[in-house]
Amino acid sequence: MASPEASSVSTHENACTCPSAPGRKDIITPMSPTRRAFLGSLGGLAAGYALAPALRAAESNGKPLGLALCGLGNYSNGELSPALLETKNVKLVAAITGTREKGVKLAKLHGFDEANIYSYDQWDKVAANKAIDIVYVVTPPGVHCQNVIDAFGAGKHVICEKPMAISAAECDTMIAAGKKAGKRLAIGYRLHFDPYHQELVRLAKSQEFGPFMKIKTANGFTLRRKAWRIEKKLAGGGSLLDMGIYSIHACCMATDANPVSVTAKELPKTQPEFFTEVEQAMEFRLEFANGAVADVWTGYDANRAEFLAEAEKGWFKGERPVFSYRNLNISTSAKGKLDFGIFRQQQRHMDGVAQAFRDEQPVTCSGELGRRDMVIIDGIYESIRTGKKVELKYS
């Protein structure tokens, strides 16, 4: 989960909405009259920029694509910015931020013009900047939908941090906007490019151990300070969208399938005065068509990171850290503790996505996959709300 700047929403008087899940409040995000008119011309203007000669040339001759970071919080500055100093297929050329000083620091570090620092109501200028091929949305989940729509409206490809949105309905809106603009969408699933988790995918597909039928996983940390993560408007939910999504994704990797049903319950809050809008912790069970089951815990009341997938002939196990950025502690029954050396997941992720965009190749971390995870998350909340098992429908 990224740690973007909360200043991405706030002081603008005009607003628009993206669809939210049943029972959730719509997310209100900034929208100036100029931007509203700009988005109204999405079809024509976006198509024009989609055919911009500079972009076509970059996409055809192997040159690095230009990327703008949208949201300059901890994840952008602490992980993405250093990784972009190492990438080969993409380079940082612009920033979109509510705090210009943050953009100035990035411009000096990466050597781009300070004229390429934009506020959240300057998407018309983003559109006019032919050096920007990709916008990487790194704001809180509650504003992902609008930021992605704005980026597509500016005629840019998009990488969106996870979770993709706060409901499957928002995901549908985002995917439709990309198709209308003729642009690509990828999700910030960096672990798709992590060799430890690629080994899990390999084992699942090859069934070297047989199918993984029993999975147990936990992911969470102790949260004791005020943050956007506990504000439903910005976060969309609590620990589930922030930390539980890692476990959901790993369970799907291990089974090479989507769950068909979920049963969930929210756990008692140890800090009810603090977690007034979102859940603090929960447990849920995912069931798969072949009979595999996954028992999952996620929470903001304990520091846990565990993953165990068991098959008839072997197992895949991770202990803290399992889903982190580096130094993963993962082993298998066949190879013991795995060691793939030192690397940046974010560098591999952004290089891989940029190459796929440039060469018109598919990406595994697609918008459709981000939507899949939100269908599961919507189902988990429905199960908690109704107290019943929920059958998951993906179409």
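These numbers come from a predicted model, not from an experiment. (Residues numbered from 1 in each chain as written. Predicted model: local features only at pLDDT ≥ 70, side-chain atom pairs only at ≥ 80, totals over all residues. Heavy atoms only, no water.)

Side note on the environment of Trp123
Mapped onto the fold, Trp123 is located in helix α6 (residues 123-128). Note on Trp123: relative accessible area 1%, which makes it buried. In this structure, the C-alpha to C-alpha distance between Trp123 and Ile96, residues 27 residues apart in sequence, is 9.0 Å. (Helix = DSSP H or I, 4+ residues; strand = E, 2+ residues; numbered from the N terminus. Buried < 20%, exposed > 50% of the residue type's maximum accessible area, 1.4 Å probe, protein only.)

Points about the sheet that holds strand β8 (residues 185-187)
Pairing is parallel across the open sheet formed by 6 strands, whose spatial order is β5-β4-β3-β6-β7-β8. Strands with a single pairing partner mark the edges of an open sheet, and in this sheet they are β5 (117-118) and β8. Two strands pair when backbone bridges link them, and strand β3 (residues 65-70) and strand β6 (residues 134-137) are joined in this way by 4 bridges, in the parallel orientation. Looking at the pairing, Leu67 lines up with Ile134 of β6. (Pairing = 2+ DSSP bridges.)

Topic: the nonpolar core
Within the largest apolar cluster, 109 residues are counted, with the highest numbers of intra-cluster contacts made by Leu69, Val135, Phe284 and Phe307. The element best represented in this core is helix α11 (residues 239-255), accounting for 10 residues. If sequence neighbours within four positions are ignored, Leu69 has contacts with Ser76, Leu80, Leu84, Leu92, Ala94, Ala95, Ile96, Leu106, Tyr136 and Val138. (Core = buried A, V, L, I, M, F, W, Y, C linked by side-chain atoms within 4.5 Å. Contact = heavy atoms within 4.5 Å.)

As for helix α7 (residues 144-153)
With 10 of its 10 residues buried, α7 lies for the most part within the structure. Of all the positions in α7, only His144, Cys145, Gln146, Asn147, Val148, Ile149, Asp150, Ala151, Phe152 and Gly153 are classed as buried. Just beyond α7, the residue with positive phi is Gly155, at close to 80 degrees.

Observations concerning the environment of Val90
As for its placement among the helices and strands, Val90 is situated in strand β4 (residues 90-96). Accessibility expressed as a relative area gives 1% for Val90, which makes it buried. For the pair formed by Val90 and Gly352, sequence separation is 262 residues and the distance between their alpha carbons is 9.4 Å. Once you skip the residues sitting within four places of it in the chain, Val90 turns out to touch Pro64, Leu65, Leu67, Leu84, Ile134, Met350, Asp351 and Ala354.

So, the pattern of salt bridges
Summed over all chains, the structure comprises 15 salt bridges. The partner of Glu266 in a salt bridge is Lys269, and the shortest N-O contact between them spans 3.9 Å. With a closest N to O distance of 3.1 Å, Glu306 and Arg304 form a salt bridge. If you follow the salt bridges from partner to partner, you end up with Glu199, Arg202, Glu208 and Lys335 in one network. (Salt bridge = Lys/Arg side-chain N within 4 Å of Asp/Glu carboxyl O.)

Examining the sheet that holds strand β16 (residues 336-337)
The strand order across the open sheet built from 9 strands is β16-β15-β14-β13-β9-β12-β11-β10-β17, with neighbouring strands paired in mixed fashion. Each edge of the open sheet is held by one strand with a lone partner, namely β16 and β17 (390-391). In this structure, strand β13 (residues 304-311) lies alongside strand β14 (residues 314-319), joined through 6 bridges in antiparallel fashion. Within β14, the residue paired with Ala309 across the bridge is Phe316. Most of the contacts of α11 go to strand β9 (residues 214-220), to which it runs at about 155 degrees, and overall it touches β9, β11 (281-287), β12 (293-299) and β13. The sheet contacts of helix α13 (residues 367-386) involve β10 (261-266), β11 and β17, and relative to β10 the element is tilted by about 55 degrees. (Axes fitted to C-alpha atoms, helices over the stretch in contact; angles between N-to-C directions.)

Nothing here speaks to function; it is all geometry.
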